[in-house]
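As a plain string of letters, each chain reads:
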Protein chains: 2
Amino acid sequence: MNTPHGTPRIMLAHGGGGQLTDELLRQCIMPRLDNAVLNQLLDSAILPDGQGGRLAMTIDSFVVQPLEFPGGNIGDLAVAGTVNDLAVCGATPLGIALSLVLCEGLPIPVLERVLDAVAATARKAGVTVVTGDTKVVGHGQADGIFITTAGVGRIPAGLILSPTQVQPGDMLIINGPLGEHGLAVMLAREMPELITPVKSDVAPLNSLINAALAAAPGQIRFMRDPTRGGLAGLCADLATHSGYRVVLDETHIPLRPEARHAADLLGLDPLEIANEGKVVVVVAPAAHDRVLQAMRAHPLAESAVTIGHIGELRDGLCEIRTTIGGRRIVAKPYGEQLPRIC
Amino acid sequence: MNTPHGTPRIMLAHGGGGQLTDELLRQCIMPRLDNAVLNQLLDSAILPDGQGGRLAMTIDSFVVQPLEFPGGNIGDLAVAGTVNDLAVCGATPLGIALSLVLCEGLPIPVLERVLDAVAATARKAGVTVVTGDTKVVGHGQADGIFITTAGVGRIPAGLILSPTQVQPGDMLIINGPLGEHGLAVMLAREMPELITPVKSDVAPLNSLINAALAAAPGQIRFMRDPTRGGLAGLCADLATHSGYRVVLDETHIPLRPEARHAADLLGLDPLEIANEGKVVVVVAPAAHDRVLQAMRAHPLAESAVTIGHIGELRDGLCEIRTTIGGRRIVAKPYGEQLPRIC
């Protein structure tokens, strides 16, 4: 956060979900808001419900540009993102809250399409938007629409999903090919004239996650959706917080040819690109086949595949075994590879 | 929402909490997100907690300009606003979620002062920020800082606070003088060179509200904080949703001389100006004295006063009896009297 001269200022990269975001959190935010729940830094906070049970609570702001992109719009993202943050913590949504900051001059038909997407995604996920707020700011003071969604859900008694549950030998499964959300948004923004089959994967994952949990009660250790920071950020965090080495096998990481092509075109590493309809499931080896099978039976995971495992080494690093037989350490992305991707 | 020519567009007034906000909600938002909980349009949604109890959930975005003003900053507002929305529904907060949209170039010391205020107000209210999110947008794409806060709280068994509980003869109490938040922000923005004693009243009201509820169990019918739309908006809504006439007595409505002066200077009606530390309590007549006494014993309500009552007429209107003995109907403010006040 130090800049060479004068007052330190916020940079785009502080919002990228990478190392600079961590630094802002660690240096500026956490010391002020310090508490045991916040310190866990999970996708959702886990709270006592006041009557002996547990609730999950999550919040995310969406600032994607353009507002509409192949495969969805900011309204799909806002609902799916919140549903997925609850679902990876094992929580069943009780309600979603949605707040809009609109820019003066926004065409109302655009707002209507975004709200249609909110409604459709909520219906798909079986969740309800129970409360909301709307603010309007002057022309040029915001950028179309910002949406913030919060969600609250109930965690079943006894269910614990956490990096600290992870054991050597556990397997990592992903439900499909990587990078398509970030690539679809970047192509729509940077090369709007390009015709490409790459579409955002945005989708609510709660029914898929429920199917995986039901297939192997007590055998899933941890789940997370590789959004900002991509699979690289997820696995680097998992290594740090579990304390074990996470081993990825590059030959098994699924990537559609058109996504690989688009990533090459944009000079991006597919491992670092945000997804909005993917989940990494860490499962005990004994239950691996059952969970993989259950996932493949779901329309959002027909191409689910095992991409790595938890190693014995207790060094908290993530390693990838490359297609040409090499090995390298996967670092958490530093800053903002892809600004305003969600 | 119809404009004379071309595509209908969002106007600043759609965010003012007045009739135009209602129109946007009714025409554009509610038909798409229609459900029983959202349709109640209370400050917080009331949800089944999945185990036989009830939760309250609320969300608000804060876009105030300037970020810092006499009496507080956007961080105070974001926490107090959410705590107050839960408290007026009788809910005890379980956790607060806070999401930041920061503008590239924002001086980090400003962010630190805002976070200090978040922390101090949370401490004052006895609540915890359990989860959050941070996004950064490019210079000129947002305006300093937008904060969205969501809150979840537990509603005690049996407690029902709603406009539908209100009965003729019930009394309206307010905890102190009106208009100071909106006036402090407007003066800071429009006349920054002016030296004035007007300061925002921003404060978390949960301990005051708990004291009022404890003084007369089952006797408080409804509570609400007069934020956007002011006392006029609150009472017009209460009349509409209770179906009774709400009668205000202008001679009893508290207003500090400096606030009256500032409102005159800015050409504003104090009844329509946003407050951030005020609550209107509707209480059964038998418990009125006890509740008023309990409130006055609290530092945030030393000048609490009775400002009106619920009349017999079933016309759903709000009437004010003026200082010179006249009567007029109080309408909900139309649009955005005060843009970006919270």
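Up top you'll find the structure we're talking about.
Residues numbered from 1 in each chain as written. Chains lettered and ligands numbered in written order. Predicted model: local features only at pLDDT ≥ 70, side-chain atom pairs only at ≥ 80, totals over all residues. Heavy atoms only, no water.

A.B. asks: Explain the sheet that holds strand β1 (residues 45-48) of chain B here, please?
C.D. replies: Within a sheet, each strand pairs with its neighbour through backbone hydrogen bonds, oriented either parallel or antiparallel. Residues and elements named next belong to chain B. Reading across from one edge, β1-β2-β7-β5-β6 is the order of the five strands in this open sheet, with mixed pairing throughout. Strand pairing shows two members of the sheet lacking a second neighbour, β1 and β6 (129-137), which therefore form its edges. Direction aside, neighbouring strands of the sheet carry axes that sit 20° apart on average. (Pairing = 2+ DSSP bridges. Helix = DSSP H or I, 4+ residues; strand = E, 2+ residues; numbered from the N terminus. Axes fitted to C-alpha atoms, helices over the stretch in contact; angles between N-to-C directions.)

A.B. asks: Would you mind going over the interface of chain A and chain B with me for this structure?
C.D. replies: Interface size is often expressed as the accessible area that is lost when the parts come together. Contacts between the two partners involve 77 residues from chain A, matched on the other side by 77 residues from chain B. Summed over both sides, the interface between chain A and chain B buries roughly 6600 Å², with carbon and sulfur atoms accounting for 68% of that surface. Considering only the side of chain A, the residues that lose the most area to chain B are I10, R32 and I59 of chain A, jointly responsible for 11% of the buried surface there. Linking chain A with chain B are six salt bridges, by the criterion used here. If you look at where chain A meets chain B, you find 27 residue pairs in polar contact (both at pLDDT 80 or more). For the side of chain A that touches chain B, the secondary structure elements donating two or more residues are α1 (19-33), α2 (36-39), β1 (45-48), β2 (54-62), β5 (92-103), α4 (108-125), β6 (129-137) and β7 (145-155) of chain A. The class makeup of the residues in the side of chain A that touches chain B is 43 nonpolar, 20 polar and 14 charged. (Contact = heavy atoms within 4.5 Å. Buried area = accessible area lost by both parts, 1.4 Å probe. Salt bridge = Lys/Arg side-chain N within 4 Å of Asp/Glu carboxyl O. Polar contact = N/O pair within 3.5 Å; in protein donor to acceptor, adjacent residues only side chain to side chain. Nonpolar A, V, L, I, M, F, W, Y, C, P; charged D, E, K, R; others polar.)

A.B. asks: Looking at this structure, I do not really get the side chain of N206 of chain B. What am I missing?
C.D. replies: Residue and element names in this part refer to chain B. Tracing the backbone through its elements, the reader meets N206 in helix α6 (residues 206-215). N206 sits in the buried class, given a relative accessible area of 10%. Setting aside residues up to four positions removed in sequence, N206 forms contacts with V83, N84, A87, P93 and A125. (Buried < 20%, exposed > 50% of the residue type's maximum accessible area, 1.4 Å probe, protein only.)

A.B. asks: I tried to follow the pattern of salt bridges on my own but got confused; where do I start?
C.D. replies: Here the idea is simple: oppositely charged side chains can pair when their charged atoms come close. All names here are of chain A. Evaluation of the coordinates by the stated rule reveals 32 salt bridges over all chains. Residues D133 and K135 are paired through a salt bridge, measuring 2.9 Å at the closest nitrogen-oxygen approach. D133 sits in the buried class, given a relative accessible area of 8%. One network of salt bridges, in which partners are shared, links R245, D315, E319, R321 and R327.

A.B. asks: Even after reading the chapter, I still don't get the environment of A78 of chain B, so can you show me in this structure?
C.D. replies: Residue and element names in this part refer to chain B. Relative to the elements of secondary structure, A78 occurs in helix α3 (residues 74-87). Looking at A78, the relative accessible area reads 0%, which means it is buried. Sequence separation between A78 and V114 is 36 residues, and the spatial gap between their C-alpha atoms is 9.8 Å. Once residues lying within four places of it in the same chain are set aside, the contact partners of A78 are F62, I147 and T149.

A.B. asks: Is there a simple way to think about the packing of helix α6 (residues 206-215) of chain A against helix α9 (residues 288-296) of chain A in this case?
C.D. replies: The axes of two packed helices give the description: the angle between them and the distance between them. All names here are of chain A. In contact at an axis separation of 8 Å, α6 and α9 are set at 150° when each is read in the N-to-C sense. One element, α6, and the other, α9, form an angle in the roughly antiparallel class. The handedness of the crossing between α6 and α9 comes out as right-handed. Each of L208, A211, A212 and A215 in α6 lies in contact with α9, whose residues at this interface are R290, V291, A294 and M295. Residues that form the contact of α6 with α9 fall into these classes: seven nonpolar, no polar and one charged. (Parallel < 35°, antiparallel > 145°, perpendicular 65-115°, else oblique. Left-handed = near helix turned anticlockwise from the far one by under 90°.)

A.B. asks: Looking at this structure, how should I read the relation of the copies chain A and chain B?
C.D. replies: Superposition record for chain A on chain B: RMSD 0.0 Å, screw rotation 180°, translation along axis 0.0 Å. Classification of the inter-copy transformation places it as that of a two-fold axis. Residues of chain A ranked by C-alpha distance from the rotation axis are headed by A142 of chain A, positioned 2.1 Å from it. Looking at the interface residues of chain A, 100% of them are also at the interface in chain B, so both copies use one shared face. (Least-squares fit on C-alpha atoms with pLDDT ≥ 70 in both.)

A.B. asks: Just to check I follow, could you spell out the packing of α1 of chain A against helix α4 (residues 108-125) of chain B for this structure?
C.D. replies: Relative orientation of the contacting elements α1 of chain A and α4 of chain B amounts to 25°, with a least axis distance of 8 Å. Overall, the two elements α1 of chain A and α4 of chain B adopt an arrangement that is roughly parallel. Handedness of the crossing formed by α1 of chain A with α4 of chain B: right-handed. Across the interface between the two elements, L24, C28, I29, R32 and L33 of chain A of α1 of chain A pack against I108, L111, E112, L115, D116, V118 and A119 of chain B of α4 of chain B. Class assignment for the residues of the contact of α1 of chain A with α4 of chain B results in nine nonpolar, no polar and three charged.

A.B. asks: How should I be thinking about helix α3 (residues 74-87) of chain A in this particular structure?
C.D. replies: Each α-helix turn comprises 3.6 residues. Residues three or four places apart therefore point the same way. With 14 residues, α3 of chain A extends 20 Å from end C-alpha to end C-alpha; this agrees with the ideal 20 Å at 1.5 Å per step. Counting buried residues along α3 of chain A, 14 of its 14 residues qualify, which places the element largely inside the surrounding structure. (Expected span 1.5 Å × (residues − 1).)

A.B. asks: Please explain the sheet that holds β1 of chain A as it appears in this structure.
C.D. replies: Residue and element names in this part refer to chain A. Ordered by their spatial adjacency, five strands build an open sheet running β1-β2-β7-β5-β6, and the pairing between neighbours is mixed. Strands at the two margins of the open sheet, each flanked by one partner only, are β1 and β6. Here the average twist between neighbouring strands, direction ignored, is 20°. Bridging between β2 and β7 involves nine bridges; their strand directions are antiparallel.

A.B. asks: In this structure, what is going on with the state of the cysteines? I would like to understand it.
C.D. replies: All names here are of chain A. Taken as a whole, this structure holds zero disulfides over all chains when the rule is applied. Distance from the sulfur of C342, which forms no disulfide, to the nearest cysteine sulfur (C89) is 17 Å. For C342, a relative accessible area of 6% translates into the label buried. (Disulfide = S-S within 2.5 Å.)

A.B. asks: Is there a simple way to explain the side chain of R224 of chain B in this structure?
C.D. replies: Summarising the element assignment, R224 of chain B is placed in strand β9 (residues 220-224). With residues up to four places along the chain from it excluded, the contact list for R224 of chain B reads L41, D43, V88, L234, D237, V279 and V280 of chain B.

A.B. asks: Sorry if this is basic, but what is going on with the nonpolar core here?
C.D. replies: Nonpolar side chains in soluble globular proteins tend to be buried together. With 77 residues, the main nonpolar core has L100, L102, L111, I145, L172, L231 and L248 of chain B as its most contacted residues. With nine residues, α4 of chain B is the single largest residue contributor to this core. Sequence-distant contacts of L102 of chain B, that is, excluding residues within four places in its chain, are made with I10 and L24 of chain A together with L111, T134, K135, V136, V137, G144 and I145 of chain B. With 52 residues, the next largest nonpolar core counts A78, V118, A184 and C342 of chain A among its residues. (Core = buried A, V, L, I, M, F, W, Y, C linked by side-chain atoms within 4.5 Å.)

A.B. asks: Just to check I follow, could you spell out the packing of aromatic side chains for this structure?
C.D. replies: Summed over the entire model, instances satisfying the criterion amount to one aromatic pair over all chains. Their ring planes at 55° and their centres at 5.8 Å tell us that F146 of chain A and F146 of chain B sit as a pair that is tilted. Placement of F146 of chain A in strand β7 and of F146 of chain B in strand β7 (residues 145-155) is noted, with the two residues assigned to different chains. Across the pair, exposure class does not vary: F146 of chain A and F146 of chain B are buried alike. A cation over an aromatic ring shows up here: K135 of chain A above the ring of F62 of chain B, its NZ or CZ 5.2 Å from the ring centre. (Phe/Tyr/Trp six-rings, centres within 6.5 Å; stacked < 30°, edge-to-face > 60°. Lys NZ or Arg CZ within 6 Å of the ring centre and 35° of its normal.)

So yeah, pure geometry; function would need other evidence.
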